[in-house]
Every structure is written in C-alpha cells, then in structure tokens.
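Structural description and commentary
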Amino acid sequence: EAEDIFTSLLLIQQPGGGSETLRMGRALDAVVDMLLSMCHFRHAMERGATSLTGFFSHLDLDNSKALEAPELAHFLKHADRDCLAGISQALESDGVSVSKLAQGIFSVLDTNKDNKVERWEVARQTSLAAP
C-alpha cells in the first residue's frame, strides 16, 4: 500500500513521469495536500452519483463535454458539506479558499493542460485516490 501511495504522489507531482524521486519539503507538502484533496473529491463523487458519467454530467453545467475551472469551483462551493467538511476546515485553517482548492484540483485533473477537463481525465486522476 505504501508503494501505491508513493506512485500516486509521483504521478501527481510529475504527470508525465520521468522521475522516481519525490521532491521534499514544501513541494512534497503541496503534493500530499493535492492527494488528500483528490481523495475527498473522489468521496464526494462516489456519494454524488451512481456512475462517473452521471457525476461528470452533473458538474458539466454548460454540457460542453468538458469541465472548466468555474464549474469545478461551483461544485465545491455547493457540494454536500458532510463530504467536504473535513477538507474545508483544514483548508480554512491554512488560509486556502474554495476557489484555490478548485484550481488545485483542476490542475491535477487537467493532465493534458488544455484548460478543460474531460471525463477520461477525471477517471484517470481519481483512480490515483482510490482506496
């Protein structure tokens, strides 16, 4: 299980691969925070819909078949507070806003860096946070 966590952290830190070494210090803290955020996001996803396709459709407010950062921020602001209460409290104590959290999650989800997140990207990236 530790190897799975290590691999997930590497993939979040460097989506294209290429290195077997995790950066330490604040860089590692940021990667761990993103993994934890992705775990909470996945939990909200699993509670919010019966399928990934249904969840994605719920988030895709303009039916463009791709998520933009404001759509993700809208979800995080209006999601079930029971799902996101833990992460929200932790972030608020660190001075991180919901919009900053949304931007961070969006950057992890947007693996091809085209400023939109497609369903396959959500599937791929949330699998990193699988239990």
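Remember, predicted model here, so these are calculated numbers, not experimental data.

What to know about helix α7 (residues 119–126)
Those residues of α7 lying buried are Glu-121, Val-122, Gln-125 and Thr-126. Relative to the axis of α7, the buried residues are bounded by an arc of 115° and lie together on one face.

Concerning the nonpolar core
What tends to happen in soluble globular proteins is that the nonpolar side chains get buried as a cluster. Core analysis: the biggest nonpolar cluster contains 22 residues, and Phe-41, Leu-59, Leu-72, Phe-75, Leu-76, Ile-105 and Leu-109 have the highest contact counts within it. Only α2 (26–48), α3 (52–59), α4 (69–78) and α6 (98–109) provide two or more residues apiece to this core. Broken down by element, the residue count for this core peaks at six residues, all from α6. Contact partners of Ile-105, with chain neighbours within four places excluded, come to Met-34, Ser-37, Met-38, Phe-41, Leu-72 and Leu-76.

Remarks on the environment of Leu-72
Structurally, Leu-72 is set in helix α4. Placed 31 residues apart in sequence, Leu-72 and Gln-103 show a C-alpha to C-alpha distance of 8.2 Å. Leave out the neighbours within four places in its chain, and Leu-72 touches Phe-41, Leu-59, Ala-102, Ile-105, Phe-106 and Leu-109.

Criteria and cut-off values
- Residues numbered from 1 in each chain as written.
- Predicted model: local features only at pLDDT ≥ 70, side-chain atom pairs only at ≥ 80, totals over all residues.
- Heavy atoms only, no water.
- Buried < 20%, exposed > 50% of the residue type's maximum accessible area, 1.4 Å probe, protein only.
- Helix = DSSP H or I, 4+ residues; strand = E, 2+ residues; numbered from the N terminus.
- Arc of directions from axis to C-beta.
- Core = buried A, V, L, I, M, F, W, Y, C linked by side-chain atoms within 4.5 Å.
- Contact = heavy atoms within 4.5 Å.

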